[in-house]
Amino acid sequence: MPIINQPFQGQLGSLLIEELKKDYSTFTIFSAFAKNSGVLRLKPSLEVFKARGHSINAYIGIDLDGTSYEALLTLSSLCDHLYIIHSENPSTTYHSKIYLLANAHSAWCAVGSNNLTGGGL
């Protein structure tokens, strides 16, 4: 299992773009925050992934005002399922950051501190 030490060993956004070209059938995103800067960076690759008949699901947090309305609009046009996560408890914040590509035989997963934002990718 490789450890990616950004920016010295590449950027997660570039790695995701390369992995999306491979033969995975689903892409699932879990991110505490999303900004259009991050979504638009992946958008062309996500459109190609979907055009190949694959599915995209996203679980995006909206706590702490870390997600933009524009990012959610863009994601809604790209995702098969878009889930908006919010905690009613002010001391709890949805804070996951996981990117999972999978098919029936293999998977690729990135877990870390990378939100779906320009800076995170």
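Residues numbered from 1 in each chain as written. Predicted model: local features only at pLDDT ≥ 70, side-chain atom pairs only at ≥ 80, totals over all residues. Heavy atoms only, no water.

Looking at an unreviewed UniProt entry, one finds the protein named Phospholipase D family protein and attributed to Candidatus Limivivens merdigallinarum.

S.K.: Before we move on, could you go through the side chain of serine 45 and cite the residues and values that matter?
M.R.: Along the chain, serine 45 falls in helix α2 (residues 36-51). Classification of serine 45 by relative accessible area gives buried; the value is 16%. Residue contacts for serine 45: discarding those within four places in its chain leaves Ile17 and Leu20. (Helix = DSSP H or I, 4+ residues; strand = E, 2+ residues; numbered from the N terminus. Buried < 20%, exposed > 50% of the residue type's maximum accessible area, 1.4 Å probe, protein only. Contact = heavy atoms within 4.5 Å.)

S.K.: Would you mind going over the side chain of threonine 117 in detail, with residue names and values included?
M.R.: Among the structural elements, threonine 117 can be located in the segment after β5 (107-111). Other than its neighbours up to four places away in sequence, threonine 117 contacts Phe33, Ala34, Lys35, Ser37 and Gly38.

S.K.: I'd like a description of the pattern of salt bridges, backed by residues and values.
M.R.: Within this structure, the stated rule accounts for 4 salt bridges. For glutamate 19, the salt bridge goes to lysine 22, with nearest N and O atoms at 3.0 Å. With a relative accessible area of 10%, glutamate 19 lands in the buried category. Between aspartate 80 and lysine 50 there is a salt bridge, with the nearest N and O atoms lying 3.2 Å from each other. Highlighted residues: aspartate 80 in the loop between α3 (69-78) and β3 (81-85) and lysine 50 in helix α2, separated in sequence by 30 residues. (Salt bridge = Lys/Arg side-chain N within 4 Å of Asp/Glu carboxyl O.)

S.K.: An account of the pairing of strand β4 (residues 97-102) is requested, with residue identities and associated values reported.
M.R.: With 6 bridges joining them, strand β1 (residues 26-31) and β4 adopt antiparallel strand pairing. The residue of β4 that forms the bridge with phenylalanine 30 is isoleucine 98. Across 5 bridges, the pairing between β4 and β5 is antiparallel. Looking across to β5, one finds that tyrosine 99 is bridged to alanine 110. (Pairing = 2+ DSSP bridges.)

S.K.: If you had to explain the sheet that holds strand β2 (residues 55-61) to someone new, which residues and values would you point to?
M.R.: Spatial ordering of the open sheet is given by β3-β2-β1-β4-β5, a layout of 5 strands whose pairing is mixed. Single-partner strands in this sheet number two, and they are β3 and β5. Each adjacent strand pair in this sheet contributes to an overall mean axis angle of 5°, direction not counted. Two elements, β1 and β2, share 6 bridges in a ladder whose sense is parallel. Across the sheet, residue threonine 28 finds its bridge partner in β2, namely asparagine 57. Relative to β2, α2 is tilted by about 140°, and along the sheet it contacts β1, β2 and β4. (Axes fitted to C-alpha atoms, helices over the stretch in contact; angles between N-to-C directions.)

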